[in-house]
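Structural description and commentary
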Amino acid sequence: MACALTQGYSFDCRDSIGGLANLWIIEFDNVSGITETSGTVTAIAKANGGRFYKYNLTKNTAEVTETFTDSRENGTSFYAQSIAFVLNKMQVSLRNEISLIAQNRLLAIVEDKNGSYWLYGRYNGLMREGGTAKSGLNSGDRNGYEITLTGEEKNMAYAVSSGIIAALTTA
């Protein structure tokens, strides 16, 4: 059988934590190849001049969600991917960058707070689904942007080898 199960699940140590630490984004067309083995990305080739841009994420303001979507009737299965994040402080440079994000199909890598890296948008890319710019009402309220990137993929997010992250931010 081609899709035979290979393992079970046992309770592990309770040493996992939720949330995201960092986000890297590149235009989908600026990636010329991805090498993946057994669910882990071990190399990403960028087009000439292409680079991933790093977004430092404020604690407790970003998350990824993958929704498993199946249809017995149609025999289909896919994963709806979503990355929601906040960029504090409304400013012209961020406004302009958010406009560029909206115009592109993207690939994204997130680093979760466990130190693991994950690739989203591998085959179809991600697009800005929505977001808001808020000034805040009270002095302690957020002044900044809330952005959501979404996509649909045939596979769940791929793990990314930590050894390739540093080279992704150079052109």
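Owing to the predicted nature of the structure, the values given are computational and were not obtained by experimental measurement. (Residues numbered from 1 in each chain as written. Predicted model: local features only at pLDDT ≥ 70, side-chain atom pairs only at ≥ 80, totals over all residues. Heavy atoms only, no water.)

Thoughts on the overall build of the protein
When you go through the protein residue by residue, the secondary structure sums to two helices and eleven strands. Each helix and strand of the protein, placed in order from N terminus to C terminus, yields the pattern β-β-β-β-β-β-α-β-β-β-β-β-α. With 171 residues in all, the protein has 32% of them scored as buried. Long-range pairs, those at least 24 residues apart, make up 67% of the contacts in the protein between residues at least 6 apart in sequence. Just so you have it, the protein exposes about 10700 Å², and 48% of that area is on carbon and sulfur atoms. Averaging the locations of the 15 positively and 17 negatively charged side chains of the protein gives two centres separated by 7 Å. (Helix = DSSP H or I, 4+ residues; strand = E, 2+ residues; numbered from the N terminus. Buried < 20%, exposed > 50% of the residue type's maximum accessible area, 1.4 Å probe, protein only. Contact = heavy atoms within 4.5 Å. Areas by Shrake-Rupley, 256 points an atom, 1.4 Å probe, with all protein chains shown as cover. Lys, Arg positive; Asp, Glu negative; His and termini not counted. Charge placed at Lys NZ, Arg CZ, Asp CG, Glu CD.)

With respect to the sheet that holds strand 8 (residues 117–120)
With respect to topology, seven strands assemble into an open sheet ordered 2-3-11-8-7-1-4, the strand pairing being mixed. Either end of the sheet is taken by a strand with one partner, and the two such strands are strand 2 (31–37) and strand 4 (53–56). The sheet shows a mean angle of 35 degrees between the axes of neighbouring strands, taken without regard to direction. The sheet contact formed by strand 8 and strand 11 (residues 158–160) spans three bridges and is antiparallel. Looking at the pairing, Leu-119 lines up with Tyr-158 of strand 11. (Pairing = 2+ DSSP bridges. Axes fitted to C-alpha atoms, helices over the stretch in contact; angles between N-to-C directions.)

Here we look at helix 1 (residues 92–102)
Think of an α-helix as 3.6 residues a turn; residues three or four steps apart then line up on the same face. Every buried residue belonging to helix 1 is among Leu-94, Ile-98 and Ile-101, and all of these are buried. Seen from one end, helix 1 has its buried residues packed into an arc of 55 degrees, which puts them on one side. Where the residues of helix 1 are buried, they touch strand 1 (20–27), strand 4, strand 6 (76–88), strand 7 (106–112), strand 9 (127–134) and strand 10 (144–153). (Arc of directions from axis to C-beta.)

Some words on empty space enclosed by the protein
Considering all chains together, one arrives at one cavity of 30 Å³ or more under this definition. The calculated volume of the largest cavity comes to roughly 30 Å³. Lining the largest cavity, in full, are Gln-81, Leu-119, Tyr-120, Gly-121, Arg-122, Tyr-123, Glu-153, Lys-154, Asn-155, Met-156, Ala-157 and Tyr-158. For the lining of the largest cavity, the residue count by class is six nonpolar, three polar and three charged. (1 Å grid on protein atoms, 1.4 Å probe; cavity = no way out; pocket = protein on both sides within 12 Å on 5 of 7 lines; lining within 4 Å. Points joined across faces, edges and corners; volume = space filled by probe spheres on them. Nonpolar A, V, L, I, M, F, W, Y, C, P; charged D, E, K, R; others polar.)

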